[in-house]
Amino acid sequence: MSTAGEPGLRPGAADALLQVAGISRRFGGLQALSDVGVTIARGQIYGLIGPNGAGKTTFFNVITGLVRPDAGSFVLDGKPYEPTAVHRVAAAGIARTFQNIRLFSEMTALENVMVGRHVRTRSGALAAVLRTRAARAEEAAIRVRAQELLDYVGIGSLGHLRARTLSYGDQRRLEIARALATEPKLLALDEPAAGMNGTEKLELRRLLERVRTDGVTILLIEHDVKLVMGLCDRVTVLDEGRVIKEGEPAQVQRDPAVIEAYLGRAHAPA
Amino acid sequence: MAGKAAQRQRRITQLAVALVILALPLAAGALGAAWVRTLAFAALYVMLALGLNIVVGFAGLLDLGYIAFYAVGAYTFALLASPHLTDNFPAIAAAFPGGLHVPIWYAIPLGAGIAAGFGVLLGAPVLKLRGDYLAIVTLGFGEIIRIFLNNLNRPLNLTNGPQGINLIDPVRIGGISFDRPLDVLGLHLTSPQLYYYLFAALAALSVLVCSRLQDSRLGRAWMAIREDEIAAKAMGINVRNVKLLAFALGATFGGVAGTMFGAFQGFVSPESFSLMESVIVLSMVVLGGLGHIPGVIFGAVLLAVFPEVLRHTVAPVQEMLFGRTLIDAEVLRMLLYGIALVVIMLYRPRGLWPAPLHGTARVAPGAPAVPPVPGGAAP
């Protein structure tokens, strides 16, 4: 991460990895996001919380290019990026997981992670058919790296199994390994703890802390307030498509607006 | 070492298969030339099925117009190696006083390239379509090509319409003309036998290309798109390019097979490229084992040889049992196809010879053993 402090960055934002501002998006009559902005510092675990329907996933889809915003500006690692095509966002350095796990279910766990290396490798059809020295070397490197990442997330012995046969918690881990394979600057996780039991959550927390220590910034959408409060360095609270509070977890937790957003709506239909 | 024994076993199997493939036309030759022709066609169908398997099996894009690429290849060679163009266009006749006789070595890459071009032409507008919608558009594409071939005899006579193009040159390689018998190594090889060996070699090459593509970065990208397009995009795969490449590479196989078909038959006409042909090639892929190369080959050979077996057995068996022929072989064939497909879908939805299930994933030979990473490496 040597690009910090590049010219062109606003002063005071030297350690910002992702700066997005003014994001709006309307779905028909629903203003899903209005003027949402987030600045994520390098090396942080950044939480995005809010009640159901607050716009968290839409925000997530906007910054990863799945949903086009009506307005907004995007800067990743000092460089503006246009989230107009999902694959370019991945190339720019944002990798994501999905709320409802989206693995390549008929491929093996190892192959899933190998697909993650696609964006950082280059062998084409001709090299594959001729099986050139470069292509073979690259293929071997992809395989080694994929296995390392499986080991890293703790499912190194399951590489030969089809993804859909893994347990739920292992599928979550596999998704993280696959995302890490793209060498992201920002790892964006959409409710990674959903459906996990206490032990699995604890393991997930350890894993995410380790990922952060190894230099990857994390953006986390999560329902589990306890996990967010324990893990995140900073938190943004969304409600009805707006930012209602941004700050450190302890501050946010005490904020009246946040409490109202959660408790006031807890019994309303989502 | 278990690995070495397994490898030796695989080598032995490969050798045995190669010997059978080499000996087959000699044995079939004893039964009659028709059987050798059937075998040659089986090899062509293997190429077609492998090509379609790239699109349907690997990338998961349902294509019901695949035979159009076969047609493109066949007509490419037909136009470049027959008197048709010189007869109809004085300018071309003037330019080539000796007639148009493009050698096969130019015709194959040309047929492949033009078919690939048509593959992109089909692929580009259907990038956003999936499943049934994609199937319908590709079906339409296949019909459009056939109808063009059928009607492009006016105002300029490009394809000679429904009459087709005749007098296409045979394959000539190094002074050997494949339309005449050849005596080599004490063997008397007939023309169909020569073609069989050529087609079998091309089919073997196709198997090699397909299996290398399957185990590559591109092959994984195709499968990722097949499994989950959105997740594939999120992994940085340029879905548009990768899909177009699937269409183009798949079409290439069709184009080459078509070129060979034109040379083998010496005659092409639009009726060889009907929707039914597309359906049959797709049946070969699905029946054999979608996405599994050995299964696809098996399906292709089975469906290519089966009608011939029926043709030779149905009438005599009925004569024997009932004293006369009640059901025509052709009718019975379609009935059996229908029954077979229904039964397959019910009992073996992944095909007769599907890819092995979980826990038995291939490990590429020569892949370095992965040492356990203590503590894990930093990403």
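Residues numbered from 1 in each chain as written. Chains lettered and ligands numbered in written order. Predicted model: local features only at pLDDT ≥ 70, side-chain atom pairs only at ≥ 80, totals over all residues.

A word on the overall build of chain B. Assigned secondary structure in chain B consists of 14 helices and four strands. Against the globule reference of 21 Å for 379 residues, chain B gives a C-alpha radius of gyration of 23 Å, in line with a compact fold. Taken along the three principal axes of its C-alpha coordinates, chain B extends 75 × 55 × 45 Å. Expressed as a percentage of its 379 residues, the buried residues of chain B come to 43%. In chain B, the proportion of contacts linking residues at least 24 apart, taken out of those at least 6 apart, comes to 74%. (Helix = DSSP H or I, 4+ residues; strand = E, 2+ residues; numbered from the N terminus. Rg over C-alpha atoms; globule rule 2.2 N^0.38 Å. Buried ≥ 20, exposed ≤ 12 C-beta atoms within 10 Å, placed from the backbone. Contact = placed C-beta atoms within 7 Å.)

Moving on, we get to the overall build of chain A. Along chain A, the regular secondary structure elements total 10 helices and 10 strands. Here chain A has a C-alpha radius of gyration of 19 Å; the compact-globule value for 270 residues is 18 Å, and the two agree. Counting only C-alpha atoms and orienting by the principal axes, one finds that chain A spans roughly 60 × 45 × 40 Å. Here chain A, with 270 residues, has 49% of them falling under the buried criterion.

Let us now look at the pairing of strand 7 (residues 186-190) of chain A. Residue and element names in this part refer to chain A. Most of strand 7 is tucked away, with five of its five residues classed as buried. Burial of strand 7 is two-sided: the residues L186, A188 and D190 facing one way and the residues L187 and L189 facing the other way are all buried. Here three bridges tie strand 6 (residues 94-96) to strand 7, and the two strands are oriented parallel to one another. Within strand 7, the position partnered with R96 by the bridge is A188. One ladder, built from five bridges, connects strand 7 with strand 8 (residues 217-221); its direction is parallel. Residue pairing for strand 8: D190 is matched across the bridge by I221. (Pairing = 2+ DSSP bridges.)

Looking now at the environment of R217 of chain B. For R217 of chain B, the position within the fold is in helix 9 (residues 217-227). Overall, R217 of chain B belongs to the buried group, with 23 C-beta atoms counted inside 10 Å. Beyond its immediate stretch of four places on either side in the chain, R217 of chain B contacts H118, T121, S123 and A128 of chain A.

To continue, consider the nonpolar core. A general tendency of soluble globular proteins is for nonpolar side chains to be buried together. Residue and element names in this part refer to chain B. In terms of nonpolar packing, the biggest core is built from 186 residues, with L44, Y45, A49 and V281 touching the most fellow members. When residues in this core are grouped by element, the largest group, 19 residues, is from helix 2 (residues 33-58). Not counting the four nearest positions on each side in its chain, L44 is found in contact with F199, A257, M260 and F261. (Core = buried A, V, L, I, M, F, W, Y, C linked by C-beta atoms within 7 Å.)

At the junction of the two partners, chain A supplies 45 residues and chain B supplies 35 residues. When contributions to the side of chain A that touches chain B are tallied by element, the ones reaching two or more residues are helix 2 (86-92), helix 3 (109-116), helix 4 (125-130), helix 5 (133-153) and helix 6 (168-180) of chain A. It is helix 5 of chain A that provides the largest number of residues to the side of chain A that touches chain B, a total of eight residues. Per-class residue counts for the side of chain A that touches chain B are 19 nonpolar, 14 polar and 12 charged. (Nonpolar A, V, L, I, M, F, W, Y, C, P; charged D, E, K, R; others polar.)

Interpretation of this model should avoid reading the predicted coordinates in detail wherever pLDDT is low. All names here are of chain A. Taken as a whole, chain A shows an average pLDDT of 88; of its residues, 92% reach a score of 70 or greater. This stretch, residues 1-13, has a pLDDT under 50; its non-local contacts, to residues over four places away or in other chains, come to 14 contacts. The low-confidence segment residues 266-270 (pLDDT under 50) makes two contacts with residues lying over four places distant or belonging to another chain. (pLDDT = per-residue confidence, 0-100.)

What follows covers the sheet that holds strand 4 (residues 71-76) of chain A. What the four strands build is an open sheet, ordered 2-1-4-5 (chain A); its pairing is antiparallel. The open sheet has two free edges, formed respectively by strand 2 (30-41) and strand 5 (79-80) of chain A, since each of these has just one partner strand.

Another point: the packing of helix 12 (residues 275-289) of chain B against helix 13 (residues 293-322) of chain B. All names here are of chain B. Contact geometry of helix 12 with helix 13 gives a least axis separation of 7 Å together with a crossing angle of 130°. Classified by the angle their axes make, helix 12 and helix 13 are oblique. With respect to the hand of their crossing, helix 12 and helix 13 are arranged in right-handed fashion. Touching I280, S283, M284, V285, L287, G288 and G289 of helix 12 are G295, V296, I297, F298, G299, A300 and L303, all from helix 13. Its residues assigned to classes, the contact of helix 12 with helix 13 comprises nine nonpolar, five polar and no charged. (Axes fitted to C-alpha atoms, helices over the stretch in contact; angles between N-to-C directions. Parallel < 35°, antiparallel > 145°, perpendicular 65-115°, else oblique. Left-handed = near helix turned anticlockwise from the far one by under 90°.)

Attention shifts here to the sheet that holds strand 6 of chain A. Backbone-to-backbone hydrogen bonds join strands into a sheet, with any given pair of strands oriented parallel or antiparallel. Residue and element names in this part refer to chain A. If you walk across this open sheet you meet the six strands as 6-7-8-3-9-10, and the pairing is mixed. Because the sheet does not close on itself, it has two edges, and the strands there are strand 6 and strand 10 (242-247). Averaged over all adjacent pairs, the angle separating strand axes in this sheet is 20°, with direction ignored. In the packing of helix 7 (residues 198-213) onto the sheet, contacts are made with strand 3 (45-49), strand 7 and strand 8, and the angle to strand 8 comes to roughly 145°.

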